[in-house]
Amino acid sequence: MQQPPAAEMPRPERLPDTPHKHLTSETTRDVLRIQHKVLMAIRRHLDAEGFVEIRVPIIGPVTDPGARGAKQVDIDYYGRRYKLMTSAILYKQASLLAFDKIFCIAPNVRLEPLETAGTSRHLAEFNQIDVEAAGYSREQIMRVAQEIVVCAVREAIESMPKELERLGRDTDLFGDLLRRPFDLISHADAVSEVGGDPHAEIDWEGEARISRKATRPFFVTDYPKGSRGFYDRESRELPGVLRNFDLLAPEGYGELASGGEREFEYARIVTRMRETGENASKYAWYLDMVRDGIPDSAGFGIGLERLTRYITGVEHIWEACAYPKLPGVYSP
């Protein structure tokens with residue numbers, strides 16, 4: 001795979017091999033076998049918990065506006081400008097009109113900033129396990145996220161021990177994850193620990209530093225309102241604080257998932273759109289639906305490749321993908 005001629009662009013430590021070498025590598029085969037088993041186990045778990053799997057669009061008139069520095073991709077849809085999905089958040093809320101608890105596993109495209117090429121955990125195209133449940137609180141949906149991670153790790157350990165051994169993954173490191181609930185820290189406390197802007201996201205290096213200190217995944221909650229999109233619900237008791245969370249993996253692997261409670265009332269959503277600088281007219285179909293009434297809900301999205309990277313212990317996220325696309329790197 002070739003690097004574009006931009007001398008100033010950060011270069012990953014190691015780029016993917018050619019498709020032939022990558023797909024015939026025993027490492028790739030082991031990682032993708034584990035990913036397959038993990039995905040099957042997650043599907044079984046969510047089905048047993050009453051979630052219905054649906055298919056969401058990969059193109060639409062709008063997409064998630066809160067994709068942390070990534071550029072959206074426009075396409076010509078019969079003379080109209082549509083977007084490739086960076087996240088199916090709005091469609092997840094819409095799907096609750098059909099079922100109370102849904103999940104979907106779908107590709108997302110985010111043209112991440114070039115500086116993410118060397119983080120070992122960003123892809124321009126990735127798959128996400130999205131979950132949404134009507135009437136759930138943040139705490140309830142966090143439990144679902146924890147159960148998915150525990151289910152995935154247990155499946156890999158029990159059904160793929162030889163593959164994990166060949167990959168050099170020390171499964172003893174999962175002991176805390178399987179035995180105890182995940183820890184929780186507030187955004188304010190996390191910023192105090194690693195530094196940064198208390199009114200913004202924790203930067204990627206900060207996430208890596210705080211996750212290196214952990215022995216099992218942990219939640220970061222209560223992000224400031226200005227750091228996220230209009231759909232994360234603002235606390236009624238603590239104005240300016242969102243009822244949301246990130247789920248971070250230990251060992252420096254960083255963010256696995258983001259989620260929280262959703263705004264569902266028309267007036268609040270329009271106000272939040274204005275506060276974040278969004279043009280409400282772009283969201284006509286969504287706002288029409290909200291005006292007619294949608295359930296209050298909570299949900300999250302887990303990056304499949306990030307979860308696979310953490311479980312298998314591979315260094316680079318592209319090793320958890322059959323056809324990897326790194327930010328700024330030309331590839332098939």
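Okay, so let's go over this structure. Nothing here was measured: the structure is a model prediction, and the numbers come from that model.

## Concerning the sheet that holds strand β1 (residues 52–53)
Move 1: Here eight strands make up an open sheet; going across it, the order is β1-β5-β6-β11-β10-β9-β8-β7 and the pairing mixed. Unpaired on one side and paired on the other, β1 and β7 (183–186) mark the two borders of the sheet.
Move 2: Packed onto the sheet, helix α7 (residues 187–194) meets β7 and β8 (218–221) and runs at close to 80° relative to β7.

## Description of unusual backbone geometry
Move 1: Non-glycine residue Asp222 carries a positive phi angle of around 60°.
Move 2: Tracing the backbone shows Asp222 in the loop between β8 and β9 (244–249).
Move 3: By relative accessible area, Asp222 is classed as partly exposed at 26%.

## So, the packing of helix α2 (residues 26–48) against helix α11 (residues 304–312)
Move 1: Packing of α2 against α11 brings their axes to within 10 Å, and their N-to-C directions diverge by 115°. For the pair α2 and α11, the sense of crossing is right-handed. On α11, the residues that touch Val31, Ile34, Gln35, Val38, Leu39 and Ile42 of α2 are Leu304, Glu305, Leu307, Thr308, Ile311 and Thr312.
Move 2: Its residues assigned to classes, the contact of α2 with α11 comprises eight nonpolar, three polar and one charged.

## So, the sheet that holds strand β3 (residues 74–77)
Move 1: Reading across from one edge, β2-β4-β3 is the order of the three strands in this open sheet, with antiparallel pairing throughout. The sheet terminates laterally at β2 (59–60) and β3, the two strands that pair on one side only.
Move 2: Pairing of β2 with strand β4 (residues 80–84) involves two bridges; the strand directions are antiparallel. The partner of Ile59 across the bridge, within β4, is Leu84.

Rules and cut-offs
- Residues numbered from 1 in each chain as written.
- Predicted model: local features only at pLDDT ≥ 70, side-chain atom pairs only at ≥ 80, totals over all residues.
- Heavy atoms only, no water.
- Pairing = 2+ DSSP bridges.
- Helix = DSSP H or I, 4+ residues; strand = E, 2+ residues; numbered from the N terminus.
- Contact = heavy atoms within 4.5 Å.
- Axes fitted to C-alpha atoms, helices over the stretch in contact; angles between N-to-C directions.
- Buried < 20%, exposed > 50% of the residue type's maximum accessible area, 1.4 Å probe, protein only.
- Left-handed = near helix turned anticlockwise from the far one by under 90°.
- Nonpolar A, V, L, I, M, F, W, Y, C, P; charged D, E, K, R; others polar.

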